[in-house]
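Understanding the architecture of this molecule
Residue strings, one per chain:
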Amino acid sequence: MKTDSQLQKDVMAELEWEPRVDHANIGVAAKDGVVTLSGFVSNYAAKLAAEKATRRVKGVRGIAEEIEVRFASDAKTADPEIAKRIADMFDWSVTIPNGKISVKVEHGWVTLSGDVGYHYHRKAARDLASRITGVKGVTNLIEVKTNPSPYDIKQSIMDAFKRSADLDASTISVVADGDTVKLSGKVHSGYERRIAERAAWAAPGVNRLEDNIMII
């Protein structure tokens, strides 16, 4: 059985991978298999998509949904609140290293600085900050010191496979060679194959995908 901490991380990661969800303003907590979603989204469809993504994660026994729908016409947000929301989201995010990024907000304009290990950390920080309500723009001064290794690429894909309740990760093999990923193995439907492809393409550092998965 997953720990509360692991379940929280898996749900947060799944929300980040769901294109219909603006995960930047959503907080996640987990206790005894029950996940609490909080924060806000811009429309009701995104709220439903967040719930659906959470239910896909293995180990989720129930959902306490406290997400609010806020519209563009809502009151503007002050700089200190914007900075706090961004910092909180960085702390919650599984793709952003803790304590590595500084946030400055002036008249709604966000400046990010610091050093990270991978390009996807830099991109994730920029994308997250740009989605916070009240942000007018983002200046990204974060520097990248290294690139993802083939091992890191493979591991991130395998982790995504294991999070999915619709996919048996043990039936799929992943080989990473530079920025190329090769998938092989067997699944039971085209739907499962598309899940695997999406997971591979979403992994940081992947620029080419060879899908040799067979449908049986």
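Let us look at the structure shown here. Predicted model only: the values in this text are computed from it and were never measured.

**Topic: the packing of aromatic side chains**
All told, the structure shown has 0 aromatic pairs when counted by the stated rule. It is Arg-163 that lies over the ring of Trp-17; its NZ or CZ is 5.3 Å from the centre.

**Quick word on the packing of helix 1 (residues 4–17) against helix 2 (residues 44–55)**
Each pair of packed helices gets described by two things: the angle between the helix axes and the distance between those axes. It is at 9 Å that the axes of helix 1 and helix 2 come closest, and there the two elements cross at 130 degrees. The angle between helix 1 and helix 2 falls in the class oblique. With respect to the hand of their crossing, helix 1 and helix 2 are arranged in right-handed fashion. Side by side, helix 1 and helix 2 meet where Val-11, Glu-14 and Leu-15 of the first sit next to Ala-50, Ala-53 and Thr-54 of the second.

**Quick notes on the sheet that holds strand 2 (residues 34–41)**
The 3 strands lie next to each other as 1-2-3, forming an open sheet whose pairing is mixed. Of all strands in the sheet, those with a lone pairing partner are strand 1 (26–31) and strand 3 (62–69), marking the two edges. Across the sheet, the mean angle from the axis of one strand to that of its neighbour is 10 degrees, orientation sign disregarded. For strand 1 and strand 2, the ladder comprises 6 bridges, and the chain directions are antiparallel. Within strand 2, the position partnered with Val-28 by the bridge is Leu-37. Across the sheet, helix 2 is in contact with strand 1, strand 2 and strand 3; its angle to strand 3 comes to roughly 160 degrees.

**Observations regarding the pairing of strand 8 (residues 180–187)**
As paired strands, strand 7 (residues 172–177) and strand 8 are joined by 6 bridges and run antiparallel to one another. Its bridge partner being in strand 8, Val-175 is matched across the sheet by Lys-182. Sheet analysis places strand 8 next to strand 9 (residues 208–215), joined by 8 bridges and oriented parallel. In the strand pairing of strand 9, Thr-180 is matched with Arg-208.

**Topic: the nonpolar core**
In terms of nonpolar packing, the biggest core is built from 21 residues, with Ile-157, Phe-161, Val-181 and Leu-183 touching the most fellow members. Among the elements that make up this core, the one with the highest residue count is helix 5 (residues 150–163) (5 residues). Leave out the neighbours within four places in its chain, and Val-181 touches Ile-153, Ile-157, Val-174, Val-175, Ala-176, Ala-200, Val-206, Arg-208, Leu-209 and Glu-210.

**Points about the pattern of salt bridges**
Counted according to the given criterion, the structure contains 13 salt bridges. Between Lys-84 and Asp-88 there is a salt bridge, with the nearest N and O atoms lying 2.8 Å from each other. One end of the pair, Lys-84, and the other, Asp-88, are both in helix 3 (residues 79–92), 4 residues apart, so they sit about a helical turn from each other. The exposure class assigned to Asp-88 is partly exposed, which follows from its relative accessible area of 25%. A single salt-bridge network, built from bridges that share partners, covers Glu-14, Glu-18, Arg-20, Arg-56 and Arg-163.

**Comments concerning helix 6 (residues 190–202)**
Three- or four-residue spacings in an α-helix give side chains the same orientation, since the helix completes a turn every 3.6 residues. In this model helix 6 runs 18 Å from its N-terminal to its C-terminal C-alpha over 13 residues, within 8% of the 18 Å that 1.5 Å per residue would give. Listed as buried for helix 6 are Glu-192, Ile-195, Ala-196, Ala-199 and Ala-200. Looking down the long axis of helix 6, one finds its buried residues gathered within 130 degrees of arc, a one-sided arrangement. For helix 6, the secondary structure elements touched by its buried residues are helix 1, helix 5, strand 7, strand 8 and strand 9.

**Re the sheet that holds strand 9**
With mixed pairing, 3 strands are arranged side by side in an open sheet as 7-8-9. The sheet is open, and its two edges are formed by strand 7 and strand 9, each paired on a single side. Averaged over all adjacent pairs, the angle separating strand axes in this sheet is 10 degrees, with direction ignored. On the sheet, helix 5 packs against strand 7 and strand 8 and is oriented at approximately 155 degrees with respect to strand 7. This element, helix 6, spans strand 7, strand 8 and strand 9 of the sheet and lies at about 160 degrees to strand 9.

How each quantity is defined
- Residues numbered from 1 in each chain as written.
- Predicted model: local features only at pLDDT ≥ 70, side-chain atom pairs only at ≥ 80, totals over all residues.
- Heavy atoms only, no water.
- Phe/Tyr/Trp six-rings, centres within 6.5 Å; stacked < 30°, edge-to-face > 60°.
- Lys NZ or Arg CZ within 6 Å of the ring centre and 35° of its normal.
- Axes fitted to C-alpha atoms, helices over the stretch in contact; angles between N-to-C directions.
- Helix = DSSP H or I, 4+ residues; strand = E, 2+ residues; numbered from the N terminus.
- Parallel < 35°, antiparallel > 145°, perpendicular 65-115°, else oblique.
- Left-handed = near helix turned anticlockwise from the far one by under 90°.
- Contact = heavy atoms within 4.5 Å.
- Pairing = 2+ DSSP bridges.
- Core = buried A, V, L, I, M, F, W, Y, C linked by side-chain atoms within 4.5 Å.
- Buried < 20%, exposed > 50% of the residue type's maximum accessible area, 1.4 Å probe, protein only.
- Salt bridge = Lys/Arg side-chain N within 4 Å of Asp/Glu carboxyl O.
- Expected span 1.5 Å × (residues − 1).
- Arc of directions from axis to C-beta.

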